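An overview of the molecular structure
Read off the chains here:
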Amino acid sequence: MKFNKLFSILGVAAAMAFTACTDEVEYTPAKEVNTPGVYFSSDEISDFAIDAEAGAQTITIYRKTTGGEISVGITASGDTDKFTIPSQVTFANGAESAVVSITPLVDLMENFTTYNLALSIDPEFTSPYLSDAWEGTFVYANGTEWNSLGYCEYTDDMVGPLFSNPCLTWNVEIEEHSTTPGLYRLVNPYGCADSPFQRYCTLSENYVVVDATDPSKVFFGSTPNDGFTTGVDMGYGVMTIGLQTYGQYADGKITWPVKGLAIFDNDGGYYANQSGEFCIDLSKLTK
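Keep in mind it's a predicted model, so treat the numbers as computed, not measured.

Quick notes on the rules
- Along every chain, residues carry numbers that run from 1 in the direction the sequence is written.
- Selection of residues for local features in this predicted model requires a pLDDT of at least 70, selection of side-chain atom pairs for listing and counting requires 80 or more, and totals for whole chains, interfaces and linings are taken over all residues.
- Side-chain calculation: all heavy atoms of the structure are included, whereas hydrogens and water are not.
- Between 30 and 60 degrees the pair is tilted, below 30 it is stacked and above 60 it is edge-to-face, where a pair is any two Phe, Tyr or Trp rings, Trp via its six-membered ring, whose centres lie within 6.5 Å.
- For a lysine, the NZ atom is tested; for an arginine, the CZ atom; a charge sits over a ring if that atom is within 6 Å of the ring centre and within 35 degrees of the ring normal.
- Take the buried residues of types Ala, Val, Leu, Ile, Met, Phe, Trp, Tyr and Cys, join any two whose side-chain atoms come within 4.5 Å, and each joined set is a nonpolar core.
- Each residue gets one of three labels from its accessible area relative to the maximum for its type: buried under 20%, exposed over 50%, partly exposed in between, using a 1.4 Å probe on protein chains only.
- Numbering of helices and strands runs from the N terminus, with a helix taken as a DSSP run of H or I at least four residues long and a strand as a DSSP run of E at least two residues long.
- When checking whether two residues touch, look at their non-hydrogen atoms; a contact exists if any pair is within 4.5 Å.
- By this definition, two strands are paired if DSSP reports at least two bridges between them.
- Any Lys or Arg side-chain nitrogen located within 4 Å of an Asp or Glu carboxyl oxygen qualifies as a salt bridge.
- Fitted lines through C-alpha atoms give the axes, limited to the stretch in contact for helices. The angle between two N-to-C directions lies from 0 to 180 degrees.

**Brief notes about the packing of aromatic side chains**
By the definition in use, this model includes 15 aromatic pairs. Members of the aromatic cluster, each reached through a chain of ring pairs, are Y154, W170, Y190, F197, F220, F228, W256 and F278. The ring of Y207 is capped by R185, whose NZ or CZ atom sits 3.9 Å from the centre of that ring. Here the guanidinium or amino end of K259 rests over the ring plane of Y271, the centre of that ring lying 4.9 Å away.

Set out below in structure tokens:
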């Protein structure tokens, strides 16, 4: 079916091309442009990292016609209440570029938050053949978002037992969110130096978020449906972990009920934690 469908499409295209050769085509000239051709470059920076000491951030705006001094209107949208943004920018006589200065109002920003801005040029000065808009993000991060607690003991009752191996325990670095107690992050648990599965792990970097902010409803990622990738491929595709039910955090240990986790590879899904030994043990952290 795919071959026949492709053949029929090619046949239609050939017929259309043949018709175009015999039909008279009316030529429509391009629209004449009588503006300075002010535009944003596609190479312009669009991602900014800022902190409490950040001053004005700048982007460059250009024009094709450089004669005379002109002031060009700029319209901003997005999180405009978190920035001071000029309503116009002035090109000096003979200059092909000018600077748009954007000042973050850091006292109004929440830490570890991304803010979005978009700028557009007054249509009076633009060209239909050049970009008249710019979009960017500003990530406000004052200090370190994740702080290392040291190394926890990580007991696997998922990857190893899937291949009839025993549950193994090794040290994994664990971090806690600086402003959200109980929100943890494991640093590449299956690809770290102590992992017995390191040589099978395809990920050099992998952060696994463990949300224990509610100790009775522990899950991985941003939502209970997220799960996480182990990065481990034992010949059947990279294995990922999902929840069957919530975990719990008590006495310094994060655990799950028997069969409360599931493991997936290219062959499908399987119950995990069948011995109930999976554990992230924070009760005896080491540096």
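After that view of the structure, there is still more to cover.
**Structural notes on the nonpolar core**
Membership of the largest hydrophobic core comes to 30 residues, with the highest contact counts inside it found for Y154, M158, L186, Y190, F220, I254 and I280. Mapped onto this core, the elements with two or more residues apiece are β10 (146-156), β11 (168-177), β12 (183-187), β13 (207-211), β15 (228-233), β16 (238-243), β19 (261-265) and β21 (279-286). Among the elements that make up this core, the one with the highest residue count is β11 (three residues). Beyond its immediate chain neighbours, meaning those up to four positions away, Y154 contacts L168, T169, W170, V172, L186, P189, Y190, F228, F278, C279 and I280.

**Some details on the pairing of β10**
One ladder, built from ten bridges, connects β10 with β11; its direction is antiparallel. The residue bridging G150 from the neighbouring strand is I174, located in β11. Here four bridges tie β10 to β21, and the two strands are oriented antiparallel to one another. Note that in β21 the partner of T155 across the bridge is C279.

**Notes on the sheet that holds strand β1 (residues 38-39)**
The strand order across the open sheet built from four strands is β1-β3-β7-β5, with neighbouring strands paired in antiparallel fashion. With one partner strand each, in any of the chains shown, β1 and β5 (83-84) form the two edges of the open sheet. As paired elements, strand β3 (residues 57-63) and strand β7 (residues 97-104) share six bridges and run antiparallel to each other. Of the residues in β7, the one forming a bridge with I61 is A98.

**Topic: the pattern of salt bridges**
As enumerated under the stated definition, the model contains three salt bridges in all. Between D81 and K82 there is a salt bridge; the shortest N-O distance is 2.9 Å. Looking at K82, the relative accessible area reads 16%, which means it is buried. Here E175 and R185 are joined by a salt bridge, their closest N and O atoms 2.8 Å apart. With a gap of ten residues between them, E175 in strand β11 and R185 in strand β12 connect regions that are remote in the sequence. Taking the relative accessible area as the measure of exposure, E175 reaches 10% and is therefore buried.

**So, the sheet that holds β16**
Read across the sheet, four strands follow the order β15-β16-β19-β20 without closing on themselves; strand pairing throughout is antiparallel. Edge positions in the open sheet fall to β15 and β20 (268-272), since each of these has one partner strand only. Recorded for the sheet is a direction-independent mean angle of 30° between the axes of neighbouring strands. Pairing analysis gives five bridges linking β19 to β20, with the strands arranged antiparallel.

**Let's talk about unusual backbone geometry**
Phi angles above zero are rare outside glycine, and S164 is one such case at about 65°. Considering the arrangement of structural elements, one finds S164 in the loop between α2 (159-162) and β11. Backbone geometry at D251 places phi at a positive 55°, although glycine is not the residue there. We classify D251 as exposed; its relative accessible area is 74%.

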